[in-house]
Amino acid sequence: MEETVQLQVQGLIKRFGNETVLNGISFSVHKGEVMVVLGPSGCGKSTLLRCINGLEAADGGRILLDGEPIISGGKNMIRMRQKIGMVFQSYDLFPHKNILENITLAPMKVQKRSKQEAREEAEQLLNRVGLWEKRNAFPRQLSGGQKQRVAIVRALCMHPEVMLFDEVTAALDPEMVREVLDVMLELASQGMTMIIVTHEMQFARAIADRVLFLDRGTVMEESTPEKFFSAPQTKRAQEFLNTFTFEKPNH
Amino acid sequence: MQDLDISILFKGINFLRLLGGLWVTVRISLIAVGLSIPLGILFGMFMTLKNPIAKGISRIYLDFVRIMPQLVLLFLVYFGLTRAFGWNLSNEASAILVFTFWGTAEMGDLVRGALISIPRHQYDSAAALGFTKMQTFYYIIVPQTFRRLLPLAINLTTRMIKTTSLVVLIGMVEVLKVGQQIIDANRFDYPNAALWIYGVVFLLYFFVCWPISLIARKLEERWR
Ligand SMILES: Nc1ncnc2c1ncn2[C@@H]1O[C@H](COP(=O)(O)OP(=O)(O)OP(=O)(O)O)[C@@H](O)[C@H]1O
Ligand SMILES: [Mg+2]
């Protein structure tokens, strides 16, 4: 793994009203690294990702991508966002556009790339995730898993340096989870820098280079997946991991 | 002889007169809808404001229009305003005023519904792709709002055409009135004229409203 730091989060603070949702988060992600963010519901995982691509304005601290600060609403926001791809939990394709148009709209309108070039790349990417046949379909004609794969392709077509995934399989039927996770595993193997929020523990363990465990807006633990899953250091992390295991009830 | 009474339609310019009567209501409807759509878009946007005063005003306006029968509004404007303020509004102007007042409220509510039905993640995912606010509005929000709105606006038009037949009660000679006049004038020669005349009025309404509904349904299917 290369040692260049790609993304740095330093003392990030975010409040909603009186509630401090992120309370001084710091970590950095190296180029090509996969960081998995875990934590109980409401601990601020989505908010963290939304701050990183400027959808929420931070109340304190700094976020640097390639050393350049990301400031929500700042002058460089549009340019910085193109370096960060994000896929959400809700299927967020544009319902009035077909699959190819969904993917090529931003490359054409935001990056001013030619229609032909954008289409060619979109078709290649669709091919890679096995959805080339669906290129002229509309989002409503696709299954949840297919929509999420298109959403990933749509983000990739902007040539991002970092990809953010916020529980992209949480709304899917179980049999569709795999096809989406496989795409993400392939991306990881190609060296994409990724920050992944997920509740799929097996997957987290397999894909993560590092694990960040958040609780109530602070980083409780940062370690390798091997260490985190087999020997969590904090009580909160142990409790959290216990919520994913079941014991046979005694009668 | 009932069968022969159909010939009343071809007597003189009776059929043309009926068409002329229909045109009166259609014309009022089209003008009222034409005014209601832009005004309704503004009112709909106004209704999405978080401001409590804006909310209060919208609420009162909408409730007032919904509660009041259009006929009462028509009388209020045509007879009431004339009396109270000495305004001399023609019956057509009164009708256009009332139906625009009504249409703007209805259209505004449709616009508000369409605007708030666009989920927040549409804005978020557009922003995450690097679209500016203007681009997001132009490429993503407006087309979706428009698609939801167009069939509803067309339906509003057909409702308007049906409702505007009320103008007969403020003395306008619309299609039903023309029909009655023809029936009355021919009471002795064509005793069964009523059946034919009202039948034709029915068909005329049908042929005006049906294609409009059809277009709305097709658009709805296509853009669902
Ligand atoms: N726009 C907002 N306005 C007010 N409070 C918010 C907003 N967004 C999030 N919050 C609050 O911030 C806290 C963290 O929310 P966040 O969505 O980041 O949690 P999460 O870790 O992603 O949870 P989950 O696992 O359920 O997705 C929650 O208490 C939530 O209620
Ligand atoms: Mg979340």
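Residues numbered from 1 in each chain as written. Chains lettered and ligands numbered in written order. Predicted model: local features only at pLDDT ≥ 70, side-chain atom pairs only at ≥ 80, totals over all residues. Heavy atoms only, no water.

A. Structural detail: the overall build of chain A. Assigned secondary structure in chain A consists of 9 helices and 10 strands. Relative to its length of 251 residues, chain A is compact, with a C-alpha radius of gyration of 19 Å against a globular reference of 18 Å. A principal-axis box enclosing the C-alpha atoms of chain A has dimensions of 55 × 55 × 40 Å. Taking all 251 residues of chain A together, 55% fall into the buried category. Contacts in chain A between residues far apart in sequence, at least 24 positions, make up 66% of those at least 6 positions apart. Of the accessible surface of chain A, which amounts to about 11500 Å², a share of 47% is contributed by carbon and sulfur atoms. Once the 31 positive and 31 negative side-chain charges of chain A are each reduced to a mean point, those two points are 6 Å apart. (Helix = DSSP H or I, 4+ residues; strand = E, 2+ residues; numbered from the N terminus. Rg over C-alpha atoms; globule rule 2.2 N^0.38 Å. Buried < 20%, exposed > 50% of the residue type's maximum accessible area, 1.4 Å probe, protein only. Contact = heavy atoms within 4.5 Å. Areas by Shrake-Rupley, 256 points an atom, 1.4 Å probe, with all protein chains shown as cover. Lys, Arg positive; Asp, Glu negative; His and termini not counted. Charge placed at Lys NZ, Arg CZ, Asp CG, Glu CD.)

B. Highlighting the sheet that holds strand 9 (residues 210–215) of chain A. Residue and element names in this part refer to chain A. Strand order in the open sheet formed by 6 strands is 6-7-8-3-9-10, with mixed pairing between adjacent strands. Edge positions in the sheet fall to strand 6 (84–87) and strand 10 (218–223), since each has one partner strand and no second. For this sheet, the mean angle separating the axes of adjacent strands, direction not counted, is 20 degrees. Alignment of strand 3 (residues 34–38) against strand 9, held across 4 bridges, turns out to be parallel. Across the sheet, residue Val-37 finds its bridge partner in strand 9, namely Leu-212. (Pairing = 2+ DSSP bridges. Axes fitted to C-alpha atoms, helices over the stretch in contact; angles between N-to-C directions.)

C. Region of the structure containing the pairing of strand 9 of chain A. Residues and elements named next belong to chain A. The element strand 9 is extensively covered by neighbouring structure, given that 6 of its 6 residues are classed as buried. Of the two faces of strand 9, the one lined by Arg-210, Leu-212 and Leu-214 and the one lined by Val-211, Phe-213 and Asp-215 are each fully buried. Linking strand 9 back to strand 10 in an antiparallel pair, the connection comprises 2 residues, with Arg-216 at a positive phi of about 45 degrees.

D. Quick peek at the site of ligand 1. Residues and elements named next belong to chain A. As a structural note, the neighbourhood of ligand 1 is formed by Phe-16, Glu-19, Val-21, Ser-41, Gly-42, Cys-43, Gly-44, Lys-45, Ser-46, Thr-47, Glu-167 and His-199. Here Glu-167 contributes a side-chain N or O atom positioned 3.2 Å from an oxygen atom of ligand 1. Starting from 620 Å² of accessible surface for ligand 1 in isolation, the protein chains cover 63%. At the level of elements, strand 2 (19–30) and helix 1 (45–52) are the ones that each hand at least two residues to the shell around ligand 1. The dominant element in the shell around ligand 1, judged by the number of residues it contributes, is helix 1, at 3 residues. Grouping the amino acids of the shell around ligand 1 by side-chain chemistry returns 3 nonpolar, 6 polar and 3 charged. (Near = heavy atom within 4 Å. Polar contact = N/O pair within 3.5 Å; in protein donor to acceptor, adjacent residues only side chain to side chain. Nonpolar A, V, L, I, M, F, W, Y, C, P; charged D, E, K, R; others polar.)

E. Up close: the pairing of strand 2 of chain A. Residues and elements named next belong to chain A. As paired strands, strand 1 (residues 5–16) and strand 2 are joined by 9 bridges and run antiparallel to one another. By the bridge assignment for strand 2, Ile-13 is matched with Asn-23. Hairpin connection of strand 1 to strand 2: 2 residues between the antiparallel strands, including Gly-17 at a positive phi of 60 degrees.

F. Molecular detail of the interface of chain B and chain A. On the chain A side, the residues contacting the 20 residues of chain B number 25 residues. Summed over both sides, the interface of chain B with chain A buries roughly 1900 Å², with 61% coming from carbon and sulfur. Three residues, Ala-128, Leu-129 and Tyr-139 of chain B, lead the burial of chain B against chain A; their summed loss comes to 30% of the area buried on that side. Here chain B and chain A share 1 salt bridge between them. Salt-bridge contacts for Arg-50 of chain A lead to Asp-124 of chain B; the nearest nitrogen and oxygen are separated by 2.8 Å. For the interface between chain B and chain A, the tally reads 5 residue pairs in polar contact (both at pLDDT 80 or more). Elements that contribute at least two residues to the side of chain B that touches chain A include exactly helix 5 (120–128) and helix 6 (133–163) of chain B. No other element matches the 8 residues that helix 5 of chain B contributes to the side of chain B that touches chain A. When grouped by side-chain class, the residues that make up the side of chain B that touches chain A number 8 nonpolar, 7 polar and 5 charged. (Buried area = accessible area lost by both parts, 1.4 Å probe. Salt bridge = Lys/Arg side-chain N within 4 Å of Asp/Glu carboxyl O.)

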